[in-house]
Amino acid sequence: AAPQSKLARSAAQQFITQPDNGDLASNVELLGFLPLKGSPTLGNVWGYANASDAFALVCLRANGLAVVDVTNPRRPVRVANVTSFGNDLHTLQTYRHYALAINEYGPMEIIDLSNPRNPEIVALYASGFTGAHNIFAYEHFAYVVGTHPIDQPDDDAHSGLHIIDLSNPEQP
């Protein structure tokens, strides 16, 4: 897989969701702000770009995934939501035009971003685990880290590593 484009990295770095009353960081300019209704607990944010637009993919934990158009970082716009099959969507990475989303207590979700304004879950994967803590995608593999064993679904042990072939992301 190609590395994230400069536009996608820039989108993820420029999108700040929760400014407070003090300085957020030195030498950083807040370009845009998007309040998220209900003050959800946030997980990870990852950038994705197609030929014309840039998006921030925001894990909303129990509330799924928000797709935010950050093509104009001064005016971020939430353009789509994806309801999660788990109860704690907290991190993701992109591979080609797919988001690989990880639930702490639920399946890995593969989301087709070919139309980011209308994303679609095209596959669920939980073979051998019931949730995980992190993911890393490289070439045509997903490395799912800190998996929960099937016989201990609520265990906080985070002890496993699964390597998943993404040659056909819709049938991992």
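Basis of the calculations
As a convention, each chain's residues are numbered from 1 in the sequence order in which they are written. It should be noted that, the model being predicted, local features are given only for residues of pLDDT at least 70 and side-chain atom pairs only at 80 or more, the latter also being counted only at that level, while totals for whole chains, interfaces and linings use all residues. Hydrogens and water are ignored here; the side-chain numbers use all heavy atoms of the structure. Here, strands pair whenever DSSP counts at least two bridges between them. Starting at the N terminus, helices and strands are each numbered in turn, a helix being any DSSP run of H or I of at least four residues and a strand any DSSP run of E of at least two. As a rule, the C-alpha atoms of each element are fitted with a line to give its axis, helices using only the stretch in contact, and angles between N-to-C directions run from 0 to 180 degrees. Residues are treated as being in contact if the distance between any of their heavy atoms lies within 4.5 Å. Per-residue confidence from the predictor is given as pLDDT, running between 0 and 100. Patches here: salt-bridge-free residues with over 30% relative accessible area, like charges joined within 9 Å, nonpolar side chains (Val, Leu, Ile, Met, Phe, Trp, Tyr) joined within 5 Å. For accessible areas, the Shrake-Rupley method is used with a probe of radius 1.4 Å. Any residue's cover is judged against the shown protein chains and nothing else. Whenever a carboxyl oxygen of Asp or Glu lies within 4 Å of a side-chain nitrogen of Lys or Arg, that contact is scored as a salt bridge. Exposed residues in this analysis have more than 50% of their type's maximum accessible area, buried residues have under 20%, and partly exposed residues fall in between, with area computed by a 1.4 Å probe over protein chains only. Pairing of aromatic rings covers Phe, Tyr and Trp, the last through its six-membered ring, and needs centres within 6.5 Å; plane angles under 30 degrees mean stacked, over 60 mean edge-to-face, and all others mean tilted.

**What about the sheet that holds strand 8 (residues 120–125)?**
Moving on, step 1. One open sheet holds the four strands; their spatial order is 5-6-7-8, and the pairing between them is antiparallel. At either end of the open sheet lies a strand with only one pairing partner, and these are strand 5 (89–95) and strand 8. Going across the sheet, the axis of each strand differs from the next one's by a mean of 25 degrees, ignoring polarity.
Moving on, step 2. Where strand 6 (residues 98–103) and strand 7 (residues 108–112) come together, four bridges link them in antiparallel fashion. Each residue of the ladder has a partner; that of Leu100, found in strand 7, is Ile110.

**What about the environment of Val82?**
Moving on, step 1. By the secondary structure assignment, Val82 is in strand 4 (residues 77–82).
Moving on, step 2. It is 8.1 Å that separates the C-alpha atoms of Val82 and Val67, two residues lying 15 residues apart in sequence.
Moving on, step 3. Beyond its immediate chain neighbours, meaning those up to four positions away, Val82 contacts Asn63, Gly64, Leu65, Ile111, Pro119 and Ile121.

**Looking at the confidence of the model for the protein chain**
Moving on, step 1. For the protein chain, per-residue confidence averages 82 on the pLDDT scale, and residues scoring 70 or more make up 77% of the total.
Moving on, step 2. Across residues 1–19 the pLDDT falls below 50, and counting only partners more than four positions away or on other chains, this stretch makes 40 contacts in the model.

**Brief notes about a nonpolar patch on the surface**
Moving on, step 1. On the surface, Val145, Leu161 and Ile163 cluster together into a nonpolar patch covering about 280 Å² of accessible area.
Moving on, step 2. Checked against the element boundaries, Ile163 lands in strand 11 (residues 160–165).

**With respect to the pattern of salt bridges**
Moving on, step 1. Counted under the stated rule, the structure contains three salt bridges.
Moving on, step 2. Of the charged contacts in the structure, one is a salt bridge between Asp53 and Arg117, with a shortest N-O distance of 3.7 Å. Remark: Arg117 occurs in the loop between strand 7 and strand 8 and Asp53 occurs in the loop between strand 1 (45–49) and strand 2 (54–59); sequence separation between them is 64 residues.
Moving on, step 3. Given the relative accessible area of 17%, Asp53 is considered buried.
Moving on, step 4. Taken together, the salt bridges that share partners define one network made up of Asp53, Asp69 and Arg117.

**With respect to the packing of aromatic side chains**
Moving on, step 1. Inspection of every chain in the model, using the stated rule, returns four aromatic pairs.
Moving on, step 2. With 6.0 Å between their ring centres and 45 degrees between their planes, Tyr125 and Phe129 make a pair best called tilted.
Moving on, step 3. Their ring planes at 55 degrees and their centres at 6.4 Å tell us that Phe141 and Tyr143 sit as a pair that is tilted.
Moving on, step 4. On the basis of relative accessible area, Phe141 is assigned to the partly exposed category, the value being 27%.

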